[in-house]
Amino acid sequence: MRKDHAFVMRNGVEIPEIGFGTWQIPNKEAHDSVTMALKNGYTHIDTAYAYQNEENVGKAIREFDIPRDQVFVTSKLPSHIKNYEDTLTYFQETLDHLGMDYLDLFLIHAPWPWDDIGADCTEGNIQAWKAMEKLFKDGKIRTIGVSNFSVSDLQAIIDSCEIVPFVNQIPFYIGKFHEQKELLDFCEKHEILVEAYSPLATGEVLNSDEIKKLAEKYNRTPAQICIRYCLQKDTLPLPKSTHEGRIIENSKIDFEISEEDMNMLDDMEDVRKK
Ligand code: NDP
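Just so it is clear, the model here is predicted, and its values are computed rather than measured.

Glancing now at the side chain of Arg228. Along the chain, Arg228 turns up in helix H8 (residues 222–232). Side-chain polar atoms of Arg228 contact the side chain of Gln232, separated by 2.8 Å. With residues up to four places along the chain from it excluded, the contact list for Arg228 reads Ile253, Phe255, Glu256 and Ile257.

Turning to the site of the ligand, a few remarks are in order. Around the ligand, 29 residues are found, and the nearest of them are Asp46, Ser198, Thr202, Ser241 and Arg246. At 2.9 Å from an oxygen atom of the ligand is found a main-chain nitrogen or oxygen belonging to Trp23. Taking Asn250, its side chain carries an N or O atom lying 2.9 Å from a nitrogen atom of the ligand. Within the complex, 89% of the 910 Å² of free accessible area of the ligand lies under protein. In the shell around the ligand, the residues fall into 11 nonpolar, 13 polar and five charged.

Another aspect to go through is unusual backbone geometry. One non-glycine residue, His5, lies in positive phi territory at about 60 degrees. The residue His5 is located in the loop between strand E1 (2–3) and strand E2 (6–8) in this model.

Within the largest apolar cluster, 86 residues are counted, with the highest numbers of intra-cluster contacts made by Ile61, Trp129, Ile225 and Leu265. Excluding residues within four positions of it along the chain, Leu265 makes contact with Ile174, Gly175, Ile211, Leu214, Ile225, Tyr229 and Ile257.

In this section: the sheet that holds strand E8 (residues 141–147). An order of E4-E5-E6-E7-E8-E9-E10-E11 is seen for the eight strands of this open sheet, with the pairing classed as parallel. At either end of the open sheet lies a strand with only one pairing partner, and these are strand E4 (20–21) and strand E11 (235–237). Sitting on the sheet, helix H4 (residues 122–137) touches strand E6 (72–77), strand E7 (103–108) and E8, and the angle it makes with E8 is about 165 degrees.

This part is about the state of the cysteines. According to the stated counting rule, one finds zero disulfides in the structure shown. Left unpaired, Cys121 is separated from the closest cysteine sulfur, that of Cys161, by 15 Å. Just so you know, Cys226 is unpaired, no disulfide at all, and the nearest cysteine sulfur is the one on Cys230, 7.4 Å from it.

Tracing the sequence through the fold places Lys212 in helix H7 (residues 209–218). Looking at Lys212, the relative accessible area reads 36%, which means it is partly exposed. Sequence-wise, Lys212 and Asn263 are 51 residues apart; in three dimensions their C-alpha atoms are separated by 16 Å. Lys212 has contacts with Leu206, Asn207 and Pro222, leaving out every residue within four places of it along the chain.

Each value, and the rule that gives it
Each chain carries its own residue numbering, running from 1 in the direction its sequence is written. Under the rules for a predicted model, residues below a pLDDT of 70 receive no local features and side-chain atom pairs below 80 are neither given nor counted, while totals for whole chains, interfaces and linings still include all residues. As a convention, hydrogens and water are excluded, and side-chain values are obtained from all of the structure's heavy atoms. For the purposes of this entry, the term helix denotes a DSSP run of H or I that reaches at least four residues, the term strand denotes a run of E that reaches at least two, and both are numbered from the N terminus. Here a polar contact is taken to be a pair of N or O atoms separated by no more than 3.5 Å, where protein atoms must pair a possible hydrogen donor with a possible acceptor and residues adjacent in sequence count only if both atoms sit in side chains. Pairs of residues are marked as contacts when any of their non-hydrogen atoms sit within 4.5 Å. One heavy atom within 4 Å of a molecule or strand makes the whole residue count as near it. Areas reported as accessible are Shrake-Rupley estimates using a 1.4 Å probe. Residue values count occlusion only from the protein chains shown. Amino acids are sorted into nonpolar (Ala, Val, Leu, Ile, Met, Phe, Trp, Tyr, Cys and Pro), charged (Asp, Glu, Lys and Arg) and polar (every other residue, Gly among them). Buried Ala, Val, Leu, Ile, Met, Phe, Trp, Tyr and Cys residues form a nonpolar core when they are joined through side-chain atoms within 4.5 Å. Partly exposed describes any residue whose relative accessible area lies between the buried limit of under 20% and the exposed limit of over 50%, with all areas from a 1.4 Å probe on protein chains only and scaled to the type maximum. Two strands qualify as a pair provided DSSP detects at least 2 bridges between them. To define axes, lines are fitted to C-alpha atoms, for helices over the stretch in contact only, and angles between the resulting N-to-C directions are given on a 0 to 180 degree scale. Note that a disulfide, as used here, is simply two cysteine sulfur atoms within 2.5 Å.

Pasting the structure below:
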């Protein structure tokens, strides 16, 4: 469900419809970037233990003149943590880094460690998820979710645990539609909000001639077309930038792409696969 520039999750928690991504922003720059984002109206910040910038992300939010409950903060459990006790420990470390006493959303960063992509960690994911359920029930996290999970990874959690993830954060940008369609449909069926990470394909999609042409037609920039596309596919984009002009541009998405143009964008090839 959507409401006033937010998605509403199954338990009624509202999440602002565009989040500010912070991957690859070094800790020393994160304070400035997050402050720029907050100053320009972002109220949703996405970080992770693995980004090594939680300290300055948290500091920027705490120092900004905004009540904690007006900013939606997401962080992620490192992808190699696959047991109950360590999940609790790492969650507390994340809170300590951020200088906060709760999170709005905590995600299992990936179903497998980054140095062993594709490994079967089903049992470990279930144990980590049970710890996340405890933290959720204890009121330490408002919503819990996963990232980079496939249909079968999600199904394993659904079969063995009590709470269906509220969110799956996955790579999604123009060119990814057909590849992600089955997963999008599965998430829709289970009321799992899909967050679109790398909505600009980490910048790689912005040079596409088709997207540039469309941007001219709508009098917008290629980045705005990409972000609008994610929103119209009912996914929540998480654009990242360290430049204030772009941070502003990426938040001004008050236009509509026609159905015909959406169909054309759905059928575009993934730039990263060319
Ligand atoms: P994006 O797809 O958001 O693209 C960011 C790149 O595009 C940067 O190089 C940025 O440069 C550039 N850029 C941003 N805005 C503009 C603009 N308006 N015009 C031109 N260039 C622009 O990248 P990410 O891959 O970082 O993904 C976004 C976020 O998604 C991450 O920061 C992270 O929060 C999340 N993520 C999650 C993952 C997961 O496993 N869960 C994995 C990857 C990302 P510059 O900064 O110099 O402006």
